[in-house]
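If you want the building blocks of each chain, they are given just below.
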Amino acid sequence: MDILYLGILLCSIAFAIVAIYISMVLKRLTDTLKSLGSSMGELEREMEYITPQLTQTVRESDKLIDDISDKIKATDSLFDSAENIGASVNTLNEVYSEKSKNVSDVEMEQKMKPFVGGITWSEAAVQLFKKWKSAKRTGKNELMVQQTEMVPAKTGREG
């Protein structure tokens, strides 16, 4: 019978050791969960602070992207116009090449004389306009005369 009591004693000691070990594991698990809970609380407070700022940043980025998209769409017509101008210049060059084959240099200069004169006068008009705008901006009532060196266009009479 003593052996039976000894076996029960050993089983009770083993049960007590297992119970103590399980209680220690549960205590560590409880401490870990408390620490995790407090960390999550801090994270939640920080997210409450950061979330409105992130939302505002996303909204501003969305507005900026819409604005950039609108501005890019607005430049489409400019590039279409540039393409049309390029096509026109190419056509003009082709016509010029065809016509210049049939016309002598003297005849070409005589035909170009009105265009050269128009370009010269348009340059003069642009210069006057710039002077007028500059005088208007600075508040001066008189146009300042500036001497510029004009290079005459080549005529057919010069050799």
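Everything below is about the structure printed above this text.
This one's a predicted model, so the numbers in the text were calculated from it and none came from an experiment. (Residues numbered from 1 in each chain as written. Predicted model: local features only at pLDDT ≥ 70, side-chain atom pairs only at ≥ 80, totals over all residues. Heavy atoms only, no water.)

### Examining the overall build of the protein chain
Thinking step 1. Scanning the protein chain from terminus to terminus reveals two helices and zero strands.
Thinking step 2. Classification of the 159 residues of the protein chain by burial places 2% in the buried group.
Thinking step 3. Total accessible area computed for the protein chain in this model is approximately 14,900 Å², and 63% of it derives from carbon and sulfur atoms. (Helix = DSSP H or I, 4+ residues; strand = E, 2+ residues; numbered from the N terminus. Buried < 20%, exposed > 50% of the residue type's maximum accessible area, 1.4 Å probe, protein only. Areas by Shrake-Rupley, 256 points an atom, 1.4 Å probe, with all protein chains shown as cover.)

### Digging into the layout of surface pockets
Thinking step 1. The space that makes up the second largest pocket amounts to roughly 210 Å³.
Thinking step 2. When contributions to the lining of the second largest pocket are tallied by element, the ones reaching two or more residues are α1 (2-102) and α2 (105-138).
Thinking step 3. Looking at the lining of the second largest pocket element by element, the count peaks at four residues for α1.
Thinking step 4. Looking at the lining of the second largest pocket residue by residue, the classes come out as six nonpolar, no polar and two charged. (1 Å grid on protein atoms, 1.4 Å probe; cavity = no way out; pocket = protein on both sides within 12 Å on 5 of 7 lines; lining within 4 Å. Points joined across faces, edges and corners; volume = space filled by probe spheres on them. Nonpolar A, V, L, I, M, F, W, Y, C, P; charged D, E, K, R; others polar.)

### Considering the pattern of salt bridges
Thinking step 1. Applying the stated rule across the entire model yields two salt bridges.
Thinking step 2. Between lysine 27 and aspartate 31 there is a salt bridge whose closest N-O contact spans 3.3 Å. Of this pair, lysine 27 and aspartate 31 both sit in helix α1, four residues apart, which is roughly one turn of that helix.
Thinking step 3. For lysine 71, the salt bridge is made with aspartate 67, and the minimal N-O distance between the two is 3.3 Å. With lysine 71 and aspartate 67 both in helix α1 and four residues apart, the pair spans about one turn of that helix. (Salt bridge = Lys/Arg side-chain N within 4 Å of Asp/Glu carboxyl O.)

### Notes on the packing of aromatic side chains
Thinking step 1. By the definition in use, this model includes one aromatic pair.
Thinking step 2. Note on phenylalanine 129 and tryptophan 132: the rings are 5.9 Å apart at their centroids and 35° apart in plane angle, and the pair reads as tilted. Of this pair, phenylalanine 129 and tryptophan 132 both sit in helix α2, separated by three residues, roughly a single helical turn.
Thinking step 3. In this structure phenylalanine 129 comes out as partly exposed when scored by relative accessible area, which is 48%. (Phe/Tyr/Trp six-rings, centres within 6.5 Å; stacked < 30°, edge-to-face > 60°.)

### Comments concerning α2
Thinking step 1. Helix length check: α2 (34 residues) gives 47 Å between terminal C-alpha atoms against 50 Å at 1.5 Å per residue, within 8%.
Thinking step 2. Bending of α2 peaks at approximately 40° at the position of methionine 112, with proline proline 114 no more than four residues after it. (Expected span 1.5 Å × (residues − 1). Bend = angle between axes of the 7 residues up to and from the residue.)

### Here's the deal with a nonpolar patch on the surface
Thinking step 1. Where nonpolar side chains cluster on the molecular surface, the patch consists of Val18, Tyr21, Ile22, Val25, Leu26, Leu29, Leu33, Leu36, Met40, Leu43 and Met47 and spans about 1,000 Å² of accessible area.
Thinking step 2. Structurally, the position occupied by valine 25 is in helix α1.
Thinking step 3. For valine 25, a relative accessible area of 38% corresponds to the partly exposed category. (Patch = residues over 30% accessible without salt bridge, like charges linked within 9 Å, V, L, I, M, F, W, Y side chains within 5 Å.)

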